[in-house]
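Letter by letter, the chains look like this.
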Amino acid sequence: MSNIELNQAQETTLSRDFTTLTRHVLSQSGDFSADAYDLSLLMGRIALAGKMIARELSQAGLAADALGVTGEINVQGEAVKKMDQYANRVFIRAFEQSGLVCRLASEEMEKPYYIPENCPIGRYTLLFDPIDGSGNIDTNLAVGTIFSIRQQQGIDETGEALDLLQSGHQQVGAGYVLYGSSTMFVYSIGKGVHAFTLDPSLGEFILSSENIRIPDHGSTYSINEGNFWQWDEGMREYIRHVHKQPGYSARYSGALVADIHRILFQGGVFLYPGSQGHPDGKLRLLYESAPLAYLITQAGGKATTGTEAILDVIPDRLHARTPLIIGSTKDVDLVLSFLQTRANG
Ligand code: P6P
């Protein structure tokens, strides 16, 4: 490599290493307004929470009393993992005295958590699933955090968060942190989808993929086939189709974020349909399906309940669930063709 090429390579690396998350969000905003700075700072606080959770996860296997369950049952009726509780507390601490977020709504909390010192100056509500896929923690498999950012509209006098019961189009930003072989931060504020990889030596998320576009088709279909006999006949016919067609691979990790991350980069479709016992499926709209639908749509993909675009769904309660079919446009459309054929009899 000539000296000139070496310098160019070093310049490229330097330029990349200085494209940190907060700088990127600011550049995405296109201006240096107070709103742009607030969003940049907010994203930076989420990233700090992600780094703290990543650190705890990396040591969970060694730290006494870090794995396993707390013995409590959350609002979802699920056993609370110790890491779920820890991650939820990290988010609360990350946003106290931040002046940014007035209200936190989490899978782990029945009601939203208000931070009075941040209201009304804090103009955002952060909705999040602190650890998605926490069943994977005790076996050291990938897990994630999912977040959705909405404007705080006025003071919620009743504390019922009725202003949050709006469609996913109200989101001003969304993303996830993936705790995998590396820790990644993927976000959008409506101007494309961008991925950052944590450089532990710097303690910074560094830009690794910008303006990600999901392939319009992929070989992956991601679904828990253990529920096969619980699904509608149209969904079963789709599964029989991909079983018979060459070129499909089943991939299902038990963590939504990990499965979506694969599909974002390689294409394919993730499905968590409704079932006879649970017609609304399992996944929660406001802090799982809607933020991921925002991201995948921004990347050129598609997300639907099977009858309605996820981003159009208006929930009737904070912890509402929806069926989810999400991924490459051609693959989602193929699923819909089976569902609609069956529905039309
Ligand atoms: P099942 C994890 O509990 C989660 O919410 C998602 O991360 C994951 O995709 C799904 O549920 C797994 O659910 O019923 O297949 O174990």
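Let me begin by describing the structure that accompanies this report.

Let's shift gears to the pattern of salt bridges. Counted according to the given criterion, the structure contains 14 salt bridges. Residues Asp-333 and Lys-302 are paired through a salt bridge, measuring 2.5 Å at the closest nitrogen-oxygen approach. With Asp-333 in helix α8 (residues 329–343) and Lys-302 in strand β14 (residues 302–304), this pair connects stretches of sequence that are 31 residues apart. Under the relative-accessibility criterion, Asp-333 is labelled partly exposed at 31%. Among the charged side chains, a salt-bridge network with shared partners connects Glu-78, Glu-107, Arg-284 and Glu-288.

This part takes up unusual backbone geometry. Backbone geometry places Asn-140, a non-glycine residue, at a positive phi of 55°. When you line up the elements, Asn-140 lands in the loop between β5 (124–132) and β6 (143–151). Taking relative accessible area as the criterion, Asn-140 reaches 69% and is therefore assigned exposed. One non-glycine residue, Asn-211, adopts positive backbone phi at about 50°. Along the chain, Asn-211 turns up in the loop between β10 (204–209) and β11 (220–222).

Taken together, 13 residues lie near the ligand, and Asp-132, Asn-224, Tyr-252, Leu-256 and Tyr-272 sit nearest. A distance of 2.5 Å separates an oxygen atom of the ligand from a polar atom in the side chain of Asp-132. Separating an oxygen atom of the ligand from a side-chain N or O atom of Tyr-252 is a distance of 2.6 Å. When the ligand sits alone it has 400 Å² of accessible area, and the protein chains cover 79% of it. Residue composition of the shell around the ligand, by class: 6 nonpolar, 3 polar and 4 charged.

A few words now on the environment of Lys-82. For Lys-82, the location among the structural elements is in helix α4 (residues 82–95). Between the alpha carbons of Lys-82 and Thr-145 there is a distance of 15 Å; along the sequence they are 63 residues apart. In this structure, Lys-82 is in contact with Asp-65, Ala-66, Leu-67, Gly-68, Val-69 and Thr-70, ignoring residues within four places of it in sequence.

The next subject is the side chain of Thr-20. Locating Thr-20 in the fold gives a position in the loop between α1 (3–17) and α2 (21–29). Classification of Thr-20 by relative accessible area gives buried; the value is 15%. Every residue in contact with Thr-20, bar those within four places of it in the chain, is listed here: Phe-196, Glu-204, Phe-205 and Ile-206.

The rules behind the values
- Residues numbered from 1 in each chain as written.
- Predicted model: local features only at pLDDT ≥ 70, side-chain atom pairs only at ≥ 80, totals over all residues.
- Heavy atoms only, no water.
- Salt bridge = Lys/Arg side-chain N within 4 Å of Asp/Glu carboxyl O.
- Helix = DSSP H or I, 4+ residues; strand = E, 2+ residues; numbered from the N terminus.
- Buried < 20%, exposed > 50% of the residue type's maximum accessible area, 1.4 Å probe, protein only.
- Near = heavy atom within 4 Å.
- Polar contact = N/O pair within 3.5 Å; in protein donor to acceptor, adjacent residues only side chain to side chain.
- Areas by Shrake-Rupley, 256 points an atom, 1.4 Å probe, with all protein chains shown as cover.
- Nonpolar A, V, L, I, M, F, W, Y, C, P; charged D, E, K, R; others polar.
- Contact = heavy atoms within 4.5 Å.

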